[in-house]
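# Coordinates in review
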Amino acid sequence: NSYDIHHYEYVGNAAAYILVVEKGYLNQIIDEKTEFNNFLSPVPEVWHELLKLLNDAYSRFGEYNILQKSGFINSLMGLLYNSQLLRQKEKNLNKEFFIKVSEYISANYGEDLKLPALAKKFGYSENYFSMLFNKMFGVNLSEHVNRVRIRKEMESRKQLEKKYTLKEIIRRCGFNSMETYYRVLKKYKHENALGEYDNMDKKMTEKTENKKKLWT
């Protein structure tokens with residue numbers, strides 16, 4: 001969407017595609033009443049299809065003629081359509097809500113980010129905050145916060161593991177127990193289509209055995 005703030009986050013050695021599409025290719029997809037969602041959650045199968053499509057286009061896109069480029073965009077949008085690609089245009093107030101809440105969670109992921117605290121922070125009732133959050137982010141508050149925390153834990157672990165135990169690191173990232181951390185990590189790994197955590201179980205088991213006495 002024009003003039004929206006765009007950003008992305010990555011973990012470890014993950015790669016990212018940044019695709020900029022001329023508006024002319026989108027005239028048949030969006031109109032004056034619709035716009036793109038700021039947050040999409042495709043299922044793993046869709047992620048695999050997207051990566052296959054992007055990898056193929058990346059190596060040959062310079063050779064595409066205008067019809068092939070249009071076909072590529074249509075294929076891409078078609079894959080994302082059932083993942084809440086589009087939404088009705090929102091008032092600027094709601095867009096500001098999305099940006100402010102997203103930035104606050106990213107900066108304060110180790111703090112209390114439960115619904116009552118955040119609703120009070122931003123001046124909304126709990127019911128209205130929850131409804132607006134689900135609508136703007138496409139997932140509930142708890143799921144979004146856990147995704148941010150698990151990414152932050154992965155990013156910071158190499159820097160902190162010489163100074164802190166894993167238990168201390170995950171508490172700094174906002175997880176209140178090892179059980180919660182492993183449950184979220186398992187779900188995050190399942191959703192990750194890039195497979196960058198395929199060896200995480202082995203590594204986590206080794207760390208658990210090495211520091212078992214420190215956790216009890």
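Conventions used here
- Residues numbered from 1 in each chain as written.
- Predicted model: local features only at pLDDT ≥ 70, side-chain atom pairs only at ≥ 80, totals over all residues.
- Heavy atoms only, no water.
- Helix = DSSP H or I, 4+ residues; strand = E, 2+ residues; numbered from the N terminus.
- Expected span 1.5 Å × (residues − 1).
- Buried < 20%, exposed > 50% of the residue type's maximum accessible area, 1.4 Å probe, protein only.
- Arc of directions from axis to C-beta.
- Contact = heavy atoms within 4.5 Å.
- Polar contact = N/O pair within 3.5 Å; in protein donor to acceptor, adjacent residues only side chain to side chain.
- Core = buried A, V, L, I, M, F, W, Y, C linked by side-chain atoms within 4.5 Å.
- Salt bridge = Lys/Arg side-chain N within 4 Å of Asp/Glu carboxyl O.
- Phe/Tyr/Trp six-rings, centres within 6.5 Å; stacked < 30°, edge-to-face > 60°.
- Lys NZ or Arg CZ within 6 Å of the ring centre and 35° of its normal.
- Axes fitted to C-alpha atoms, helices over the stretch in contact; angles between N-to-C directions.
- Parallel < 35°, antiparallel > 145°, perpendicular 65-115°, else oblique.
- Left-handed = near helix turned anticlockwise from the far one by under 90°.
- Nonpolar A, V, L, I, M, F, W, Y, C, P; charged D, E, K, R; others polar.

Between its first and last C-alpha atoms helix α2 (residues 66-81) spans 22 Å; for 16 residues at 1.5 Å apiece the expected length is 22 Å, and the two agree. For α2, every residue scored as buried is listed here: Phe72, Ile73, Leu76, Met77 and Leu80. Take α2 and look down its axis: the buried residues cluster within an arc of 125 degrees, on one side only. Across from the buried face of α2, at angles greater than 90 degrees, the exposed residues are Leu67 and Tyr81. Each element contacted by the buried residues of α2 is listed here: β1 (34-36) and α1 (44-60). Where α2 begins, one side-chain oxygen reaches toward the backbone nitrogen of leucine 67, 3.0 Å away; that side chain belongs to asparagine 65.

Membership of the largest hydrophobic core comes to 16 residues, with the highest contact counts inside it found for Phe97, Val101, Ile105, Phe129, Phe133, Phe137 and Leu141. Here this core takes 5 residues from helix α5 (residues 126-137), the largest share from any one element. Among residues more than four places away in sequence, those in contact with leucine 141 are Ile105, Leu113, Lys114, Leu115, Leu118, Phe129, Phe133 and Asn134. Counting 14 residues, the second-largest nonpolar core is a separate cluster that includes Phe72, Ile73, Leu76 and Leu80.

Per the counting criterion, the structure on display carries 2 salt bridges. Among the salt bridges present, the one from aspartate 56 reaches arginine 60, with a minimum N-O distance of 2.9 Å. With aspartate 56 and arginine 60 both in helix α1 and 4 residues apart, the pair spans about one turn of that helix. The class of aspartate 56 is partly exposed, set by a relative accessible area of 36%.

For isoleucine 105, the position within the fold is in helix α3 (residues 92-107). It is 9.1 Å that separates the C-alpha atoms of isoleucine 105 and histidine 144, two residues lying 39 residues apart in sequence. If sequence neighbours within four positions are ignored, isoleucine 105 has contacts with Leu113, Leu118, Phe133, Leu141, His144, Val145 and Val148.

Here we come to the packing of aromatic side chains. For the coordinates displayed, the defined rule picks out 13 aromatic pairs. Relative to phenylalanine 133, the ring of phenylalanine 129 has its centre 6.1 Å away and its plane inclined at 25 degrees; by these criteria the two rings are stacked. With phenylalanine 129 and phenylalanine 133 both in helix α5, this residue pair falls 4 residues apart, about one helical turn. Residue classification places phenylalanine 133 among the buried residues on the basis of a relative accessible area of 1%. With a centroid separation of 5.6 Å and 70 degrees between ring planes, the pair formed by phenylalanine 175 and tyrosine 181 is classed as edge-to-face. Look at phenylalanine 175 and you get buried, because its relative accessible area is 2%. Grouped by ring-pair contacts, the aromatic residues Phe97, Phe98, Tyr104, Phe122, Tyr124, Tyr128, Phe129, Phe133 and Phe137 constitute a single cluster. Across the ring face of tyrosine 164, the terminal group of arginine 172 is positioned such that the distance to the ring centre comes to 4.6 Å.

Pairs of packed helices are described in terms of their axes, by the angle between the two and the distance that separates them. With their axes 10 Å apart at the nearest point, α1 and α2 run at an angle of 165 degrees to one another. Judged by the angle between their axes, α1 and α2 are roughly antiparallel. Judged by the sense of rotation from one axis to the other, the crossing of α1 with α2 is left-handed. For the pair formed by α1 and α2, the contact residues are Val46, Glu49, Leu50, Leu53, Leu54 and Ala57 on the first element and Phe72, Ser75, Leu76, Leu79 and Leu80 on the second. Split into classes, the residues belonging to the contact of α1 with α2 amount to 9 nonpolar, 1 polar and 1 charged.

Attention now moves to the environment of alanine 107. Residue position: alanine 107 is located in helix α3. Residue classification places alanine 107 among the exposed residues on the basis of a relative accessible area of 59%. C-alpha of alanine 107 to C-alpha of valine 148: the two residues are 41 residues apart in sequence and 9.9 Å apart in space.

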